[in-house]
Amino acid sequence: MLPILNVEHWPFGSPMPRTLLTPPHGAANGPDVANFTWVEYGLRCGVPRMVAVAAELGVPLTAALNASVATHYRPVLDLLLAHGCDIVAHGVVQRSLQLSDDPAATIAESLDLLEAATGTRPLGWLGPGMSQTADTPELLVAAGVRFNHDWMLDDRPVRLATANGPLVGLPYTLECNDVPVYAIGHQPDGQLAARVAATLDALAPEAVRNPLIVPIGLHPHLMGVGHRIAEWRAILTDALARPGVRIVTSTELYHWYIDQQPGDGPLP
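Treat the numbers as computed from the prediction; the structure is a model and nothing was measured.

How each quantity is defined
Residues numbered from 1 in each chain as written. Predicted model: local features only at pLDDT ≥ 70, side-chain atom pairs only at ≥ 80, totals over all residues. Heavy atoms only, no water. Buried < 20%, exposed > 50% of the residue type's maximum accessible area, 1.4 Å probe, protein only. Helix = DSSP H or I, 4+ residues; strand = E, 2+ residues; numbered from the N terminus. Phe/Tyr/Trp six-rings, centres within 6.5 Å; stacked < 30°, edge-to-face > 60°. Lys NZ or Arg CZ within 6 Å of the ring centre and 35° of its normal. Pairing = 2+ DSSP bridges. Polar contact = N/O pair within 3.5 Å; in protein donor to acceptor, adjacent residues only side chain to side chain. Contact = heavy atoms within 4.5 Å. Core = buried A, V, L, I, M, F, W, Y, C linked by side-chain atoms within 4.5 Å. Salt bridge = Lys/Arg side-chain N within 4 Å of Asp/Glu carboxyl O. Expected span 1.5 Å × (residues − 1). Axes fitted to C-alpha atoms, helices over the stretch in contact; angles between N-to-C directions. Parallel < 35°, antiparallel > 145°, perpendicular 65-115°, else oblique. Left-handed = near helix turned anticlockwise from the far one by under 90°. Nonpolar A, V, L, I, M, F, W, Y, C, P; charged D, E, K, R; others polar.

Engineer: So what exactly am I meant to see when it comes to unusual backbone geometry here?
Structural biologist: A negative phi angle characterises most non-glycine residues, just as the trans form characterises most peptide bonds. A positive phi angle is found at Met 130, which is not glycine, with a value near 55 degrees. Residue class for Met 130 comes out partly exposed when judged on its relative accessible area of 23%. The backbone of His 186 sits at a positive phi, close to 50 degrees, despite the residue not being glycine. Within the secondary structure, His 186 is located in the loop between helix H6 (178–184) and helix H7 (191–206). By relative accessible area, which is 57% here, His 186 ends up exposed.

Printed below as a string of structure tokens:
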């Protein structure tokens, strides 16, 4: 199982990437205090709660990090690093790569900021909103990225061919993801845990011959709130109790795949 915690910076005064509360009278004028503070609460309160549960249970985490979190929310980054989180690049702020005037520069800025803040250059990328331009895979490989979570097309890692060399596609999910389940689908609490459990049940017989990946998309303003933190604990507790299930990080999974499937051409 692969839990990925999306840690995002939604700049105040800019249009919010998503809204929980629609603007009164349909007027979408900024600043959007209600929806900004919804996400801000996740950074201030949700991240510590979710990391505390993972630490208590001895569970590793992957953090898909908007790079500007390193400068605007340094205590959040310090907490993630103290837990040993695997850091995956997630753009600079939570803004579609398609809106960038220079996607290559945005990718480079994200990687550079995270390397400067953590001492390690991320090998992986998860696009904000899984957004890509027509040549994003080529740009990622040219920037030194070796795996990407945007191509959610298999239960196993896949090797993607680009003009600049291979790129490993690691599984991610829209189905076992708290945004489609709760922020968009408005499902009752407990639905994400039920989906993860049902997925583990279904994939267990298939995984006997070849391991399968069960990714979970998580956001601290959704799963780190008081009425859902017990659900986060239940998801992890259930996974840990299942024979044959291992909780891994993205970079760990990437290295495992490369060791198993050298493929055509190097992925340094």
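Structure shown, so let's carry the discussion forward.
Engineer: When you look at the packing of aromatic side chains in this model, what are you seeing that I'm missing?
Structural biologist: Aromatic rings in a pair are described by how distant their centres are and how their planes are angled relative to each other. Summed over all chains, the structure comprises 3 aromatic pairs. Ring centres of Phe 12 and Phe 36 lie 5.0 Å apart, and the angle between their planes is 65 degrees; this geometry places the pair in the edge-to-face category. Linking Phe 12 in the loop between strand E1 (2–7) and helix H1 (33–57) with Phe 36 in helix H1, this pair joins segments that are 24 residues apart in sequence. The ring centre of Tyr 182 lies 4.0 Å from the NZ or CZ of Arg 228, which sits over that ring.

Engineer: Explanation requested: the pairing of strand E8 (residues 215–218) in the structure shown.
Structural biologist: The side chains of a regular strand alternate, first on one face of the sheet and then on the other. Here E8 shows a buried face lined by Pro 215 and Gly 217 and a second buried face lined by Ile 216 and Leu 218. Pairing analysis gives 4 bridges linking E1 to E8, with the strands arranged parallel. Along E8, the bridge assignment pairs Ile 4 with Gly 217.

Engineer: Even after reading the chapter, I still don't get the side chain of Ser 110, so can you show me in this structure?
Structural biologist: Along the chain, Ser 110 falls in helix H4 (residues 103–118). Separated by 3.0 Å, the side chain of Ser 110 and the backbone oxygen of Gly 91 make a polar contact. In this view, Ser 110 contacts Ala 67, Ala 89, His 90, Gly 91, Val 92 and Trp 125; residues no more than four positions away in its chain are not counted.

Engineer: Explain the nonpolar core here, please?
Structural biologist: One broad rule of soluble globular proteins: the nonpolar side chains tend to lie buried together. Counting 62 residues, the largest nonpolar core has Met 1, Val 7, Leu 80, Leu 192 and Trp 232 as the members making the most contacts within it. Top contributing element to this core by residue count: H1, with 9 residues. Leave out the neighbours within four places in its chain, and Val 7 touches Leu 43, Ala 63, Ala 64, Leu 65, Asn 66, Val 69, Val 76 and Leu 80.

Engineer: Would you mind showing me how to read the pattern of salt bridges here?
Structural biologist: Note on pairing: side chains with opposite charge can pair once their charged atoms come close. Inspection of the entire model under this criterion finds 10 salt bridges. The structure contains a network of salt bridges with shared partners spanning Asp 112, Glu 115 and Arg 121.

Engineer: For this particular structure, what's the right way to read the environment of Leu 111?
Structural biologist: With respect to the secondary-structure elements, Leu 111 resides in helix H4. Considering only alpha carbons, one finds Leu 111 and Val 88, 23 residues apart in sequence, at a separation of 9.2 Å.

Engineer: Would you explain helix H9 (residues 229–241) in this entry?
Structural biologist: A rise of 1.5 Å per residue sets the reference length of H9, with its 13 residues, at 18 Å; its end C-alpha atoms lie 19 Å apart and thus fit the reference within 8%. Restricting attention to buried positions, one finds in H9 the residues Ile 229, Glu 231, Trp 232, Ile 235, Leu 236 and Ala 239. Among the structural elements, E1, H1, H6, H7, E8 and helix H8 (220–223) are those in contact with the buried residues of H9.

Engineer: Would you mind showing me how to read the packing of H1 against H9 here?
Structural biologist: Axis angle and axis distance: for two packed helices, these are the angle between their axes and the distance between the axes, and together they describe the pair. Closest axis-to-axis distance for the H1/H9 pair is 10 Å, and the angle between their directions is 25 degrees. Put simply, H1 runs roughly parallel to H9. Crossing geometry of H1 relative to H9 is assigned as right-handed. In contact with Arg 49, Met 50, Val 53, Ala 54, Glu 56 and Leu 57 of H1, H9 contributes Ile 229, Trp 232, Arg 233, Leu 236, Thr 237 and Leu 240. Of the residues belonging to the contact of H1 with H9, the class tally is 8 nonpolar, 1 polar and 3 charged.

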